[in-house]
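Structural description and commentary
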Amino acid sequence: MQTVRAARLISAYGRLLTLDALRSTLDEARARLKADPQAAAPENEFILSESESHLAAWTQPTLQPVINATGVILHTNLGRAPLSKATIAAMSEAAQNYSNLEFDLETGKRGSRLIHAEDILKKLLGVAAAVVVNNNASAVLLVLSALASKKRVVIARSQLIEIGGGFRVPDVMKQSGAKLVEVGTTNKVRLSDYKDELADAALVMHAHRSNFKMIGFTEEPELIKIVDVAHKAGVIVVDDLGSGALLDTAKYGLVHEPTVQESLAAGVDVICFSGDKLLGGPQAGIIVGKAELIAKIKKHPLARAVRADKTCLAGITATLLHYLKDEAEREIPIWKMISAPLAEVKARAEKWARELEAGSVPALSRVEVSANEATVGGGSLPGESFPSYVLSLSVKSPDKFLRRLRQQNPPVIARTGNDKILFDPRTVFLEQDQLLLSALHSLLSELK
Ligand SMILES: *Cc1c(COP(=O)(O)O)cnc(C)c1O
């Protein structure tokens, strides 16, 4: 019996790791015996099951799926955008097979990986050229290094932002070798501030504030006017859009987030944005713009250091295709979540409540469905929320309950409001309903 079990461990985990687990278990047993000589020596059965626990723990990846019940759609800590079915299929196909990643099928000679997502970006946005890199932080660093190293770059003081994770626009500019020229003040920047500094500048940098907003006594010129004065002085304009929306968020009852199309219409020369924010694709940095500038960017040595991998290129292309086919709202998960009708979200929260009540919720916890707010997150639409519904649970110690939720398999991430635990169906996939409910059932029955 025990040899069968040991053989099963070896075949599941390999001989070396199994031996390591057995040794660790025996060492622990010896230490226990030393501490308490009266204790009974462990049975083989016990040694095997302890070893199996070690093996399970050691081989559990630290990166694991979680259920996002927070109502924050682009939760940076929870991996930002979940991907569409077609995007996942394209990435998986690129991962499984050899591909023409850098191979020209026409000539049989070496090709360039940079062409793959470029065609669709050209078609979708009407741009002359594009390049996809590892993420938007590297896109900004690459663009500035290629176009403005040792040159003067003008930026408004109101845009010297930190977007989180240590990414500070002024630091990235310095890293690129550009000479930072700040204009205006924190709250007021005028066109004349720009004009005064354009004479020996190479580039004007425009950065979307992304994760905060300014209210009150503030002023900033329209992008189109900045572009106009810059171009008159022979200076190029780069716009770091951050989230890079292609659809109008205002259509969904949210504040309008600047779109890539608007930046292009304003005449910006080079635009950078993320692949995994409002675009709803895999992690990537997308750079679009004028052909001769993109050509310089592609040739810079850093381009090789921050290049996108083949699965990313396949995934970004598949995600962009949803926009080209005008099916983004139907196919891209984050847009499905943003556009989910309120009545549908409410009905799901009510269904959750009914199922919990059917499982007899203990008296010390109350289940309710109430109107609440969801947010987009991911460094877009700061301070903006939009109507949603939540299942709310009143329990005795909310923090302890949240921790127990995080210990479930898969972990459930919820939030609190007014000392209640809130679960927003907007960010929970339909196919996760049963997992979520069974986690809640088992935690609530612990409270009984
Ligand atoms: C999010 C953001 C970045 C960084 O993008 P990543 O894709 O996370 O690297 C850079 N600039 C702005 C304005 C942003 O909002």
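Given the structure is predicted, the values throughout are model-derived calculations rather than measurements.

As for the overall build of the protein
When helices and strands are counted, the protein shows 18 helices and 16 strands. For the protein, the spread of C-alpha atoms along the principal axes amounts to about 85 × 55 × 45 Å. When burial is assessed residue by residue, the protein has 46% of its 448 residues classed as buried. Taking all contacts inside the protein whose residues are at least 6 apart in sequence as the whole, residues at least 24 apart take part in 75%. For the protein, the computed accessible surface area is about 22,300 Å², with 53% contributed by carbon and sulfur atoms. Each charge class in the protein was averaged separately, 54 positive and 51 negative side chains, and the resulting centres sit 3 Å apart.

What about a positive patch on the surface?
On the surface, Lys396, Lys400, Arg403 and Arg406 cluster together to form a positively charged patch. Residue placement: Lys400 occurs in helix H17 (residues 398-406).

Quick look at the domain arrangement of the protein
Here the domain parsing of the protein yields domain 1 (2-49), domain 2 (67-76 + 336-446) and domain 3 (83-331). Using only C-alpha atoms to locate each centre, domain 2 and domain 3 end up separated by 34 Å. Across the boundary between the two partners, domain 2 contributes 12 residues, which contact 17 residues of domain 3. Note on domain 2 versus domain 3: buried area summed over both sides is about 1,300 Å², and carbon and sulfur give 66% of it. Scanning the region where domain 2 abuts domain 3 turns up 0 salt bridges.

A look at the site of the ligand
Arg80, Asn135, Asn136, Ala137, Ile163, Phe167, His208, Ser210, Asp240, Gly242, Ser274 and Lys277 make up every residue found near the ligand. Side-chain polar atom of Arg80 to an oxygen atom of the ligand: 3.0 Å apart, as the coordinates give it. With respect to the ligand, the backbone of Ala137 contributes an N or O atom lying 2.8 Å from an oxygen atom. Coverage of the ligand by the protein chains reaches 94% of its 380 Å² of free accessible surface. Counting residues per element, the ones that place at least two in the shell around the ligand are helix H6 (136-148) and strand S9 (236-242). For the shell around the ligand, the per-class residue count stands at 3 nonpolar, 6 polar and 3 charged.

Topic: the sheet that holds strand S15 (residues 415-417)
On the basis of which strands lie adjacent, the open sheet formed by 5 strands has the order S2-S12-S13-S16-S15 and mixed pairing. Of all strands in the sheet, those with a lone pairing partner are strand S2 (72-74) and S15, marking the two edges. Sheet twist, expressed as the mean angle between neighbouring strand axes with direction ignored, is 40 degrees. Sheet topology note: the strand S12 (residues 366-377)/strand S13 (residues 385-394) ladder contains 10 bridges and is antiparallel. Each residue of the ladder has a partner; that of Ser370, found in S13, is Val390.

Comments concerning the packing of aromatic side chains
Considering all chains together, one arrives at 1 aromatic pair under this definition. Between the aromatic rings of Tyr252 and Trp335, the centroid separation amounts to 5.4 Å while the plane-to-plane angle is 45 degrees, which identifies the pairing as tilted. Of this pair, Tyr252 sits in the loop between S9 and helix H10 (260-265) while Trp335 sits in helix H15 (residues 333-339); the two residues are 83 residues apart in sequence, bridging distant segments of the chain. For the pair formed by Tyr252 and Trp335, the shared burial category is buried. In this structure, Lys188 packs its charged tip against the face of Phe217, placed 3.9 Å from the ring centre.

So, the environment of Thr76
For Thr76, the location among the structural elements is in the loop between S2 and helix H4 (85-96). In sequence terms Thr76 and Gly378 are 302 residues apart; their C-alpha atoms lie 5.6 Å from each other.

Overview of the nonpolar core
Grouped together as the largest cluster of nonpolar side chains are 58 residues, with contacts concentrated most on Val132, Val204, Val288 and Ile316. Domain assignment of the residues forming this core places at least three in each of domain 2 (67-76 + 336-446) and domain 3 (83-331). The next biggest cluster of nonpolar side chains, apart from the first, holds 32 residues, and it includes Val140, Ile161, Met173 and Ile287.

Examining helix H16 (residues 342-358)
Structural remark: α-helix, 3.6 residues per turn; residues separated by three or four positions point the same way. Over its 17 residues, H16 extends 24 Å from the first C-alpha to the last, a length consistent with the 24 Å expected when each residue adds 1.5 Å. By the burial criterion, the buried members of H16 are Val345, Arg348, Ala349, Trp352, Ala353 and Leu356. On an axial view of H16, the arc spanned by its buried residues comes to 140 degrees, and they lie on one face. Away from its buried face by more than 90 degrees, H16 exposes Ala343, Arg354 and Ala358. Looking at the buried residues of H16, the elements they touch are S12, S13, strand S16 (420-423) and helix H18 (433-447). Downstream of H16 by a residue or two, Ser360 has a phi angle that is positive, lying close to 50 degrees.

Some points on the packing of helix H1 (residues 2-13) against helix H3 (residues 44-59)
Where H1 contacts H3, the axes come no closer than 11 Å and their chain directions differ by 10 degrees. Considering their axes alone, H1 and H3 lie roughly parallel with respect to each other. Taken together, the residues of H3 that come into contact with H1 (itself represented by Gln2, Arg5, Ala6, Arg8, Leu9 and Tyr13) are Asn44, Glu45, Leu48, Ser49, Glu52, Leu55, Ala56 and Thr59. Within the contact of H1 with H3, the residues separate by chemical class into 6 nonpolar, 4 polar and 4 charged.

Details of the pairing of S9
Taken across its 7 residues, S9 has 7 buried, putting it largely inside the fold. Burial along S9 is two-sided: the face carrying Ile236, Val238, Asp240 and Gly242 and the face carrying Val237, Asp239 and Leu241 are both buried. Where strand S8 (residues 201-207) and S9 come together, 5 bridges link them in parallel fashion. Bridge pairing links His206 to Asp239 in S9. This β-α-β element, S8 to helix H9 (residues 223-232) to S9, shows right-handed connectivity. As defined by bridge partners, S9 adjoins strand S10 (residues 270-274) across 4 bridges and the pair is classed as parallel. Within the sheet, the bridge partner assigned to Val238 lies in S10 and is Val270.

The rules behind the values
- Residues numbered from 1 in each chain as written.
- Predicted model: local features only at pLDDT ≥ 70, side-chain atom pairs only at ≥ 80, totals over all residues.
- Heavy atoms only, no water.
- Helix = DSSP H or I, 4+ residues; strand = E, 2+ residues; numbered from the N terminus.
- Buried < 20%, exposed > 50% of the residue type's maximum accessible area, 1.4 Å probe, protein only.
- Contact = heavy atoms within 4.5 Å.
- Areas by Shrake-Rupley, 256 points an atom, 1.4 Å probe, with all protein chains shown as cover.
- Lys, Arg positive; Asp, Glu negative; His and termini not counted.
- Charge placed at Lys NZ, Arg CZ, Asp CG, Glu CD.
- Patch = residues over 30% accessible without salt bridge, like charges linked within 9 Å, V, L, I, M, F, W, Y side chains within 5 Å.
- Salt bridge = Lys/Arg side-chain N within 4 Å of Asp/Glu carboxyl O.
- Domains from an automatic or database assignment.
- Buried area = accessible area lost by both parts, 1.4 Å probe.
- Near = heavy atom within 4 Å.
- Polar contact = N/O pair within 3.5 Å; in protein donor to acceptor, adjacent residues only side chain to side chain.
- Nonpolar A, V, L, I, M, F, W, Y, C, P; charged D, E, K, R; others polar.
- Pairing = 2+ DSSP bridges.
- Axes fitted to C-alpha atoms, helices over the stretch in contact; angles between N-to-C directions.
- Phe/Tyr/Trp six-rings, centres within 6.5 Å; stacked < 30°, edge-to-face > 60°.
- Lys NZ or Arg CZ within 6 Å of the ring centre and 35° of its normal.
- Core = buried A, V, L, I, M, F, W, Y, C linked by side-chain atoms within 4.5 Å.
- Expected span 1.5 Å × (residues − 1).
- Arc of directions from axis to C-beta.
- Parallel < 35°, antiparallel > 145°, perpendicular 65-115°, else oblique.
- Right-handed = clockwise from strand over helix to strand, strands pointing away.

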